[in-house]
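Residues per chain are reported as follows:
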Amino acid sequence: YDGSAWHTGVAVSDDGVQWRERRKVLSDGAIAANGATIVFHGEILHWYETGSPLRLSLAKSSDGNTWTKLGEVFPAGQRGSFDERAAADPYVIERQGTLYMFYLGQDRAWRQRLGIARSNDGVHWEKLRANPVLDLGGPGAFDERGLGEPAVWTSGGAYWMLYTGRDASEHRRMGLAQSRDGVAWSKVPNFVIEGGSAWDSKVICDPEVELQADGTVRVWFGGGDRSEEHTSEL
């Protein structure tokens with residue numbers, strides 16, 4: 001964020017801990033951020049938030065440095081749908097040649113829940129009838145005000161999802177959900193990740209996961225020491 005707009009950058013690391021060569025690679029009006037990246041058919045595909053209310057656009061690259069923008073490929077839903085007002089926070093995985101996108105949808109009542117769509121090419125998407133696949137928590141839950149920023153992987157014959165939840169005080173923490181087919185999800189009870197240091201005492205968010213060869217999962221995340229009202233209209 002440069003004071004007037006959000007951009008997407010690239011950084012390089014040999015170990016996932018120390019990062020260098022940070023540079024801006026994508027801009028698109030007021031926002032080009034919160035994206036999902038995957039290598040598919042020899043190209044790097046990157047979906048990202050843009051517009052107001054938010055929609056999802058696509059850019060592609062052969063080397064991660066030079067990008068070609070393909071424009072909006074994932075609009076908000078039809079009237080009355082769970083993502084009628086906005087679509088944001090994409091996370092894309094590939095299974096047997098098909099791409100699956102998990103994303104935040106916002107409806108006319110400002111509820112922010114999680115849905116799923118699938119595609120054969122990354123451009124044309126079919127939203128599944130099961131949406132939303134993960135709903136708000138009950139009163140007093142860590143995710144009673146909204147869900148977002150899903151990160152999905154497979155392990156042990158199951159699908160797993162870390163996601164950000166907002167409570168009544170706008171504190172943000174991460175929860176865990178599980179699925180056998182990637183469509184029907186259930187939250188793992190009593191599993192909440194919250195900050196343990198001053199810098200992330202109020203906000204834990206934006207997970208990105210990597211499944212290690214030994215079966216463990218490495219997670220990158222954002223944190224903050226101040227909770228603020230999340231804008232009603234994405």
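Everything numeric here is computed off the predicted structure, so don't read it as measured data.

Colleague: So what's going on with the environment of R145? Residues and values would help.
Modeller: Positionally, R145 belongs in the loop between β10 (126-127) and β11 (146-155). Measuring from C-alpha to C-alpha, the distance between R145 and R166 comes to 5.2 Å, with 21 residues separating the pair along the chain. Looking at R145, its side chain comes within polar contact range of the side chain of E170, at 3.2 Å.

Colleague: A description of the side chain of T50 should follow, citing residues and the corresponding values.
Modeller: Examined against the element boundaries, T50 turns out to sit in strand β4 (residues 43-50). A distance of 3.4 Å separates a polar atom in the side chain of T50 from the backbone oxygen of I31.

Colleague: Talk me through the packing of aromatic side chains; I want residue IDs and the actual numbers.
Modeller: In the structure shown here, the tally under the stated rule is 8 aromatic pairs. Centre to centre, the rings of F82 and Y103 are 5.8 Å apart; their planes meet at 50°, and the pair counts as tilted. Of the two residues, F82 is situated in the loop between β6 (68-74) and β7 (86-95) and Y103 in strand β8 (residues 98-106); the sequence distance between them amounts to 21 residues. Judged by its relative accessible area of 8%, F82 falls in the buried class. Pairing F102 with W185 gives two aromatic rings, centres 5.9 Å apart and planes at 90°, and the pair type is edge-to-face.

Colleague: Which residues make up the pairing of strand β1 (residues 8-13), and what values do they have?
Modeller: Of the pairings in the sheet, the one linking β1 to strand β2 (residues 19-26) comprises 5 bridges and is antiparallel in character. Its bridge partner lying in β2, V12 is registered against R20. Following β1, the chain reverses through 5 residues before pairing antiparallel with β2; G16 in that reversal takes a positive phi of roughly 80°.

Colleague: Tell me what's going on with the nonpolar core, and back it up with residues and numbers.
Modeller: Counting residues in each nonpolar core, the largest one holds 26 residues, and the members touching the most others are F102, L114, L134, V152, M161, Y163 and W185. Once residues within four sequence positions are removed from consideration, V152 is found in contact with Y91, I93, F102, Y159, W160, M161, W185 and V209.

Colleague: So what's going on with unusual backbone geometry? Which residues, and what values?
Modeller: A cis amide bond links S52 to the next residue, P53, at an omega of -5°. As for its position among the elements, P53 is in the loop between β4 and β5 (55-61). Following N131, the chain continues into P132 via a peptide bond in cis, with omega recorded as -10°. Here P132 shows up in the loop between β10 and β11. In this model, N34 sits at a positive phi of 50°, which is unusual for a non-glycine residue. Inspection of the secondary structure puts N34 in strand β3 (residues 33-40). Positive phi values are uncommon outside glycine, yet N190 reaches one of about 60°. As for its placement among the helices and strands, N190 is situated in strand β14 (residues 185-193). Judged by relative accessible area, N190 falls into the exposed class, the value being 82%.

What counts, and at which threshold
Residues numbered from 1 in each chain as written. Predicted model: local features only at pLDDT ≥ 70, side-chain atom pairs only at ≥ 80, totals over all residues. Heavy atoms only, no water. Helix = DSSP H or I, 4+ residues; strand = E, 2+ residues; numbered from the N terminus. Polar contact = N/O pair within 3.5 Å; in protein donor to acceptor, adjacent residues only side chain to side chain. Phe/Tyr/Trp six-rings, centres within 6.5 Å; stacked < 30°, edge-to-face > 60°. Buried < 20%, exposed > 50% of the residue type's maximum accessible area, 1.4 Å probe, protein only. Pairing = 2+ DSSP bridges. Core = buried A, V, L, I, M, F, W, Y, C linked by side-chain atoms within 4.5 Å. Contact = heavy atoms within 4.5 Å.

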